[in-house]
Structure formats: C-alpha cells, structure tokens
Amino acid sequence: MPFSKNADRADTPGKCSGATAYVGDLRFDGMLEAVTVRSTIRRGKIKAIILPELPDGYYTVDASDIPDLNQVTYFYDPCPYFAEDEVRYIGQPILLVVGPDVRTVRRLAHEVRVEYETIPAIHTLDEALNGDKPPLHNEDNVYFGERFAYGDVDEAFSRAAEIFETETHTGYQEHLYLETQGVVAVPEEGRITVHASTQGPHAMRKVLAGAFGWEEERFRVRQTMLGGGFGGKIEPPFLLAGHASFAAHKCNRPVRLIYSREEDLLVTTKRHPSRVITRSALDCDGNILAVDVDVVFQAGGYALSCRMVLDTGLKKATGVYHFPAASVRGRAVATNNPMCGAYRGFGGPQTFFAIETHMNALARKLGREPLEFKAAYFTKQGGETLTGGKYHFHVALPETVEEATKLADYARRRLQPVQQGRKLRGIGQALFNFGAPFSLSTNHPLPERYMGLLKRTDGKVEILSELVDMGQGLHTALRKIVAHALEIPMERVVYEDADTDCDPEASITGASMSVVLFGQMLKDAADKLKPKLDEPGEFRVLEAIRQPEHLKWDAEKQQGDPFHSYVWGTVIAEVEVDTVTWQVATRKIWTALDVGTAIDRRIVKGQIDGGTIQGLGYSLLESMPPDGMTTSLADYVIPTTLDAPPVESALIANPYPPGPYGAKCVGEPPLVGVAPAIADAVANACGVEVWQLPVSPEYLMQAMANKS
C-alpha cells in the first residue's frame, strides 16, 4: 500500500501558532476600509437615497461606479452587485461607504437613509408556488425546472395496489467557516490585484473582467490562506471582489472589505431549504413498481448556483436504488429570503434524506426490517443511472453495509431499543452514494484547463495549480501523489497559494473532484517530468484536463454518465431521547465508506469526522427561522465538543482505476447519510417517523403528541 504512512501537513505549524496570515491581516499603504449599506426591507422599489455629509477622503460607491456590467455573470442566473431600482432581500447591497478610518466609515454607513416603496414579499415555498403575491421571477416564481425519468411510471401507478407517499422538509444551514468573508483590492498601473479568501481565483478574475469590461489579464487574483469554506467561499467572494475593486478603481487606493460575523450570518449564501414529496407505487405484495419524486428548492432573492445544486440533487434523488421505473422532477423557486448557494453535499443531503426516510418508513409499514427490505433494490455494477448512464465499476455498497453493521453490533441493538428512566435509546441506519466529479459533455471539446509542475533550480518541484486548501488537506494529498510518482521525498514538493498570474486555470475547488480528477492530472504530469528531474535548469510540464474513456455524457440532452465515479457508504447512528424535554442526543456514529484508495488515511478520517459532525448539526441543532434571518450565534447553534459523539469509521478499499492510485472523492460523502440515519434512530427509539430537519424538541414533542 503506497500511502499507508500519514503525512504532516505543511500548514499546521502556522495555523497552530497563529503565525498564518489571512486576508484580514493584510495592510497596504494608503489602504481604505469599506462598509456596505444594505436593504432593510425584503422587497420594494428604491425611491430615494439620502447621504450624510462626507468628510474629505471619504467616498460612496454604487452601481454608477461600475465601469461596465452590474451583474455577477459566472453562473447561469446572475445577480447585481448593487441594487439600483429594486431590492429583493434584507441585506442586499445598495452602496459602499469608503474611507481611511473604519469606525467613521461604519458611522457614515449607518447614517445613510434609503426610502422605499414596499412590495408584498414572498416568504415561503408555498407562497412562491401559490401565486397569491406579485411574482418575483417570471410568472410562476420558478427559476429553473428539470425532470429525469426511466420506465413507464404512469403505467405503474395506474395499476398499483397501493400508493405510499411521504413529504420531507429541510431547512437552511449556515456554512459558519471560522474566517468571515473578506477581500483587499489594490489598484496598480493599468490593472487591479485582488487578495481574496475564495475557492475560485480564476473564476473571480472572469467575473471581475465581465463587470469592468476589461481583458482578464488586467486582473490578478492572489489566494490568501482560506479559513474554511464548505462551498461558502464560492459565490459571496465574487460580490466582495467586485465591490472592493470598484472602490479601488474609483479612489485609486487599496480598499479592504471584511464582513463582521453578524453581517456574514445575515447575507451570505446558505444550504437550500427543500420540500420533497416521494411516492411509491406498490403491488399487492408490497413490492415497489415505480417511484415518483417531486423536489422543490428555495433559492432566495437571486438564483446564483441553484441551477447546478438542484440538478445534482435530482440526479441523486433515487439514492442507491434501481427501481423498475422512476421519475424525478425538480424546481428552484424565488423568495424574498437570503440567497442560497453551494454547500458541502451540493443538493445531496436534501434528496438523500427524502429517499432514505421514505424507504425506511415504507419498510416499517410493511413489517420489514429496513436494511433487508432496501437490499432488494440495490443498484449493481452495470446497472443504469437515472440519466441512462451506467455504474461502470464495482458497487461496494454491500461491503459498507456489512462492515458498518458489524462495527455497531446493529442487529442486536436494533432489536432491543432501550429505555432507562426518562431516556429512550434507538439505533438507525442510512445508505448513500456520491457521484463525483461532474461529467463534461463528451460531444464537444473540453475547455482548456490545466495542472502543472515546475522543476525549480533549487531542486524543489512546485505544483502549479489554483486549487485551494481550505482546511481539508488537499495540498498535502496532492503533494503526496506527486512525491510518490517522482519517487522523491515529499519535502521537495511545494504548493504555494494560488496566483492567477502564475498558476493555470483548473477549476473552482469544490464538488469533491480535486484529488480524483486533478490528482490524476498531476500524476500524469509527474510521469512526464520524471525523466527530466536530474537535468539542470527549470523545466515546466502542463497537463490538460481529460475525462476517463468510459464516460458518455450528452450535456444538452442530460443523458449518459452524469459523474465519473461513485463513492458508496453506510451510516449507523445511536441516539438517546429525553422524554421530558424531547431533546435528542447522539451517542455514537459508525460509518463505513468506500473511498477507493486512501491517499492519506489521517486526512480521510478527518474528513469523515468533520463531515459527520456537520451532518449532525444539520440533523439536530442548526435551526434557522423559515425566512433565513439570523445574525447571532446565540440563536444559531452548531455542535460543540459536548455535542459531538464518538465517530468510528471503516475505509473500504475499492480502487477506482482512472483515479490517482485508485483514489475517489471523500470531501462531501461523509455528510449526506447522517441525517436520515439519525432520523431512523429516532423512529426506532420513539416509534414515530421523522419528516423534518432539524429534529427539534418542539417538532418531536408534537409528533409524539400526535402519536398518542
């Protein structure tokens, strides 16, 4: 096993000692501070803006100061940098106040007055779909809709002996990275350099070029150390970079824009709330003839990446199963709530919660043990995906079930729910897969994307890449791959923070594709560099992106293989329910995960532990009002060490041939199965089904009252 030894991470000493510098630590001569003036209403027309008297050296920056286009253009559905005529959510940027003293800037921003003509706001999914209020987007408030199907679903439902229907609801989830959003824009001769905490340096450069109407080369984006992301440093930094760059361009001074924690909580993107209705057509023996799934995601005031998040969630909506026929429909709707965006799991947590709770509840209704019942519908190698593609490689789902149930002593615990005084104890399970990376169309040439290696004159080999280490250990894993391929000590391989002037464009860091796709590109580059390693001078190798030969994907028709590979997993959770407070505590979680080949077991285990605890927060604690409004960690609670149970994990070796040394993705999968496993454990303990996340004491108390 070439990667059995764990590697020390190069960023550990600086982070542990406090020496690491983040974007908020940067200082430049003459630097100005910026504060955003935001909408205080959900929806309305801007009638007037009354500015305070500005001292010398202080400025305002608004849409009129944008050189070209007041739109963030990276995604299918753009949004404005600054509101001009209308506002669509509380906190929408209207203008900046900029000046040398941050306290004065904050005071001036607070003194700005905006007069509005209010319009009835759309608060919920139901209001968006009912059409009782003036539409926010088109006539139906639907940003985007999509449908996938195979088999004759209508015929199956027409002859069903019974139809079993469930409805699940999930709420917002805040990223709550340690480092809040921040950028510094520095004007230079004929160009602008942006120092940013972002998951996509080259994407940011494209967005800025679109707003200014300049060539991309006139922007330089330098990646600073990123203090956590989880998808939350994809879309919001585009807005901040635009705002700071417009101000720097107007004032011809460096401008720093750093969000406070309250501001970050209020206005940055969150996980999409969802409503999923799942129906199964059953024959007279309880066998499933067809499944129909209807998914609605709430996008907020603007859609941003919701099209991609919903699309991914839909492609995973039938879970690990292949039914005789299936139909999946999805819609993303507009509301006057905060914008939602990319988040670890990318639409999967919502749809996996729906299908797993549906299957577990159906098994109980039929008097079957859920794992035994679900096994009859497991997909297999060679089976078809929802989009007509294939599972080309071994499906290790049964192995993960066997290993997880053995670790947890599941069969014994499941048959003997425990009550000790006022505490009920139960155990539950959930199954999942996770496809990654996304497939690009095989009908067209691939975009020009590269990873590179530079043999330097000092004998070191530098990785040339824009991919970002946001705490997940990516740089360590990629350095390890290169060192192994070159047969050199890992200390000779260096990985600097991304700089768009030096590093080629590859991709936004996310979607669990960095090691499995780009790691293989680096391995191929290392194979080409190896014969030149001992020659004098510098030598550079660039490796272009390519997809595995087995893929067939028609992006226009959305048919074929939607993902390169699949991770398979089983989660088992044991909970304890207090029958006085109806608070749910998780006692232990067991996970068996097929990761292909683990490049670094300690990093993989860290990803499993972190994803599991983040999933626990999504399941039980992280409650936000339906309108998504919160500015305080007194109201929005995340797991602490006191809430985090022991996590025992097993790695299933199932090498993926096109991946580097057989590696698959690992960043997102550990989160997606946690919520349905906890819900199943609560059902096992209390005898009531759980259809909502988070499982709050109030929700469970009401469910028990309804039961009795």
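Criteria and cut-off values
- Residues numbered from 1 in each chain as written.
- Predicted model: local features only at pLDDT ≥ 70, side-chain atom pairs only at ≥ 80, totals over all residues.
- Heavy atoms only, no water.
- Pairing = 2+ DSSP bridges.
- Helix = DSSP H or I, 4+ residues; strand = E, 2+ residues; numbered from the N terminus.
- Axes fitted to C-alpha atoms, helices over the stretch in contact; angles between N-to-C directions.
- Domains from an automatic or database assignment.
- Contact = heavy atoms within 4.5 Å.
- Buried area = accessible area lost by both parts, 1.4 Å probe.
- Salt bridge = Lys/Arg side-chain N within 4 Å of Asp/Glu carboxyl O.
- Buried < 20%, exposed > 50% of the residue type's maximum accessible area, 1.4 Å probe, protein only.

Asker: Quick rundown of the sheet that holds strand β25 (residues 584–596)? Include the residues and the values.
Answerer: Ordered by their spatial adjacency, five strands build an open sheet running β16-β17-β24-β25-β26, and the pairing between neighbours is mixed. Each end of this open sheet is capped by a strand with a single partner; those strands are β16 (418–420) and β26 (647–653). Mean inter-strand twist for the sheet, computed between neighbouring axes without regard to direction, equals 25°. Pairing of β16 with strand β17 (residues 423–438), which is carried by three bridges, proceeds in the antiparallel orientation. Note that in β17 the partner of Gln 419 across the bridge is Leu 424.

Asker: An account of the domain arrangement of the chain is needed here, citing residue identities and associated values.
Answerer: By domain assignment, the chain separates into domain 1 (24–118 + 175–267), domain 2 (274–440 + 558–706) and domain 3 (446–544). With 23 residues of domain 1 in contact, the opposing surface of domain 2 contributes 25 residues. Sorting the residues of domain 1 by area buried against domain 2 places Arg 42, Arg 88 and Leu 265 first, and these three jointly supply 23% of that buried surface. Our enumeration of links across domain 1 and domain 2 arrives at one salt bridge. Notably, a salt bridge pairs Arg 307 with Asp 77, separated by 3.2 Å at the nearest N-O pair. Here the side of domain 1 that touches domain 2 takes three residues from helix α7 (residues 261–267), the largest share from any one element.

Asker: Could you give an account of the pairing of strand β14 (residues 288–300), with specific residues and numbers?
Answerer: With 13 of 13 residues buried, β14 is to be regarded as a mostly interior element. Looking at chain direction, strand β13 (residues 274–282) and β14 are connected through nine bridges and run antiparallel. Directly across from Arg 279, in β14, lies its bridge partner Asp 292. The antiparallel pairing of β13 with β14 creates a hairpin that spans five residues between the two strands, and Gly 286 there sits at a positive phi of about 85°. Relative to strand β15 (residues 326–334), β14 runs parallel, the two sharing nine bridges. Each bridged residue has a counterpart across the sheet, and for Asp 294 the counterpart in β15 is Arg 329.

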